[in-house]
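The primary structure of each chain is shown beneath.
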Amino acid sequence: MASNKRTPMIAGNWKMHLTSKEAADLAAAMKKGLDPDLKHEVLLAPTFTALHAVNAVLAGSKIFLSSQDVAWEEKGAFTGAVAPSQIKDAGCTHAIIGHSERRKIFLETDEVINKKMKAAIKANIVPVLCIGETLEERESQKTYRVLETQLVGAFAGISAAEAAKVVIAYEPVWAIGTGKTATPDQAQDAHTFVRKQMERIYGKGYADAVRILYGGSVKAENIDELMAQPDIDGALVGGESLKADKFLRVIHFQAALSR
Ligand code: 13P
């Protein structure tokens, strides 16, 4: 059982689902079902067009709002992009950056992700940086190398002070949307490696404090055993976060009592 002082975070990534009205309704159900004494952080990441509506619903709650991406420029001719100041204007305090779907489908490189990290930090937005290996990379024993490359790339030129608020999400690509969750041991092993890399980059104090979330087929049924791992500080949840009752169960994971 974890004996650390890191505040757990449970985040819901709603990906390209839900209209504004549907997202607002789901956010209202989350707000209503949340234990008022909950000590850990809860984050919702609706699609851009639903941010305003969800922000209005979340007023007066402790739930944080996140975008699923952010541009690295502040303004200008960047058709289709949304600036840090614009997501802040919509109520966001956090931005998911470098999700594997952005990397794979939208061809985002570590260099682009690094620029987005810097832009978010400059705008005082908390980056939720996603990293993770594909099945092919895992099977060819490249997991550690991939994670190291992604971390070094994402944090290039960012000082320890600037990196202080960053949250890291380890999401093995083979576990996303597949129903194949990493076993608690597999996840713990990767999280230990990520923490060691962060120690190498920024020192032990930083590594002890940085939160590392697990993502990939997190469900009401497996959250407790995942959260029982000492280096798993929370979860980034896709499909299961679209169902209010299930996601509320994930948020109120049982290991919370012992943390
Ligand atoms: P699933 O929980 O649907 O596997 O998605 C995980 C994810 O990609 C969260 O960002």
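Everything numeric here is computed off the predicted structure, so don't read it as measured data.

S.K.: Can you explain helix α1 (residues 20-33)? Please cite residues and give values.
M.R.: The terminal C-alpha atoms of α1 lie 20 Å apart, and with 14 residues this matches the ideal 20 Å at 1.5 Å per residue to within 8%. Residues Ala23, Ala24, Leu26, Ala27 and Met30 constitute the buried set of α1. For α1, the arc enclosing every buried residue in end-on projection is 165 degrees, short of the 170-degree limit, so these residues lie on one face. Exposed residues lying more than 90 degrees from the buried face of α1 are Lys21 and Lys32. On its buried face, α1 sits against β2 (41-45), α2 (51-58) and α12 (244-251).

S.K.: Could you give me a rundown of the site of the ligand, with the residues and numbers involved?
M.R.: For the ligand, the set of nearby residues contains 13 residues, the closest of which are Lys15, His99, Gly177, Ser217 and Gly239. In the environment of the ligand, an oxygen atom lies 3.0 Å from a nitrogen or oxygen atom belonging to the side chain of Asn13. Within the backbone of Ser217, a nitrogen or oxygen atom sits 2.8 Å from an oxygen atom of the ligand. For the ligand, the protein covers 95% of the area, taking 300 Å² as the surface of the free molecule.

Calculation notes
- Residues numbered from 1 in each chain as written.
- Predicted model: local features only at pLDDT ≥ 70, side-chain atom pairs only at ≥ 80, totals over all residues.
- Heavy atoms only, no water.
- Helix = DSSP H or I, 4+ residues; strand = E, 2+ residues; numbered from the N terminus.
- Expected span 1.5 Å × (residues − 1).
- Buried < 20%, exposed > 50% of the residue type's maximum accessible area, 1.4 Å probe, protein only.
- Arc of directions from axis to C-beta.
- Contact = heavy atoms within 4.5 Å.
- Near = heavy atom within 4 Å.
- Polar contact = N/O pair within 3.5 Å; in protein donor to acceptor, adjacent residues only side chain to side chain.
- Areas by Shrake-Rupley, 256 points an atom, 1.4 Å probe, with all protein chains shown as cover.

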